[in-house]
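Summary of structural features
Below, each chain spelled out in residue letters.
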Amino acid sequence: MLTLRRFVRNLINEGRKNILINWEKFPAVENLRPGFVRRAMAAEKISAVRVIAEAGTEFDGRLHHHEHEQLLVMISGEMHLRVGTEDIIAHTGDMVFFPPHLNHGATGVGPEGAEYYEIFSPSRVDQLPGWIGSSIMQYD
């Protein structure tokens, strides 16, 4: 069986630089909380996750931080976020930047749910299905 990591490495080794990502080919995995489903991909220096959050999902309010730069790009719906000390509501088309080591996290989802991309640099292989190592996220 060809792993996702080996698939991406093979594409890079073959010299392909413009690769169309079909998210439906990646396995759907439930997230850290019920009501979230993620599909993740990772390359050498960047990774991306497509997240679908159901309406009515409950949140514990825990914030985390990590060494990675992160972008959240809203596809549809709205997400309620805390970034540092700011509360933000991200809507369809919005993009939110999370600097390295700054506490952040989702605090709620809009009435119709949400769909968004998370993009990380450097790459976060810990979000790939089958990862058995420790999480890079740190909680205070």
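Here, the structure is the one placed above.
All figures in this text were calculated on a predicted structure; none of them were measured in a lab.

**Describing the pairing of strand S3 (residues 47-53)**
By the criterion of burial, S3 is predominantly enclosed, with five of the seven residues buried. Pairing geometry for strand S2 (residues 36-42) and S3, over seven bridges, is antiparallel. In the strand pairing of S3, Arg 39 is matched with Arg 50. Bridge analysis of S3 against strand S8 (residues 104-121) gives seven bridges, and the strand direction is antiparallel. In the sheet register, Ile 52 faces S8, and the bridge partner there is Glu 115.

**Section: the pairing of strand S7 (residues 95-98)**
Only one face of S7 is covered, namely the one carrying Val 96 and Phe 98; the face carrying Met 95 and Phe 97 has none of its residues buried. Summarising the sheet, strand S5 (residues 69-83) and S7 pair through four bridges and their orientation is antiparallel. From the neighbouring strand, Val 73 faces S7, where its bridge partner is Met 95.

**Considerations on the packing of aromatic side chains**
Applying the stated rule across the entire model yields three aromatic pairs. Where Trp 23 meets Phe 26, the ring centres are 5.8 Å apart and the plane angle is 50 degrees; that geometry is what we call tilted. Across the pair, Phe 26 and Trp 23 agree in class, each one buried. For the pair Phe 36 and Phe 59, a centre-to-centre distance of 5.8 Å together with 85 degrees between the ring planes defines the contact as edge-to-face. Residue Phe 36 is located in strand S2, and its partner Phe 59 is located in the loop between S3 and strand S4 (64-65); the two are separated by 23 residues in the primary sequence. In this structure, Phe 36 and Phe 59 share a single accessibility class: buried. Every member of this aromatic cluster is reached through a ring pair, and the members are Trp 23, Phe 26 and Tyr 117. Across the ring face of Phe 120, the terminal group of Arg 124 is positioned such that the distance to the ring centre comes to 4.8 Å.

**Structural notes on the nonpolar core**
In this structure, Met 79, Leu 81 and Tyr 116 are the most contacted members of the largest nonpolar core, which totals 22 residues. Sequence-distant contacts of Leu 81, defined by excluding residues within four places in its chain, comprise Leu 72, Glu 86, Asp 87, Ile 88, Ala 90, Val 96, Phe 98, Gly 105, Ala 106 and Thr 107.

**Describing the side chain of His 104**
Here His 104 shows up in strand S8. For His 104, a relative accessible area of 3% gives the class buried. Here the side chain of His 104 touches His 66 through a polar contact of 3.4 Å, side chain to side chain. From its side chain, His 104 meets the backbone oxygen of Leu 102 in a polar contact 2.8 Å long. Residues within four places of His 104 in sequence aside, it is in contact with Leu 63, His 64, His 65, His 66, Gln 70, Arg 82, Val 83 and Phe 98.

What counts and how
Residues numbered from 1 in each chain as written. Predicted model: local features only at pLDDT ≥ 70, side-chain atom pairs only at ≥ 80, totals over all residues. Heavy atoms only, no water. Buried < 20%, exposed > 50% of the residue type's maximum accessible area, 1.4 Å probe, protein only. Helix = DSSP H or I, 4+ residues; strand = E, 2+ residues; numbered from the N terminus. Pairing = 2+ DSSP bridges. Phe/Tyr/Trp six-rings, centres within 6.5 Å; stacked < 30°, edge-to-face > 60°. Lys NZ or Arg CZ within 6 Å of the ring centre and 35° of its normal. Core = buried A, V, L, I, M, F, W, Y, C linked by side-chain atoms within 4.5 Å. Contact = heavy atoms within 4.5 Å. Polar contact = N/O pair within 3.5 Å; in protein donor to acceptor, adjacent residues only side chain to side chain.

By themselves, these observations are geometric and do not establish any function.
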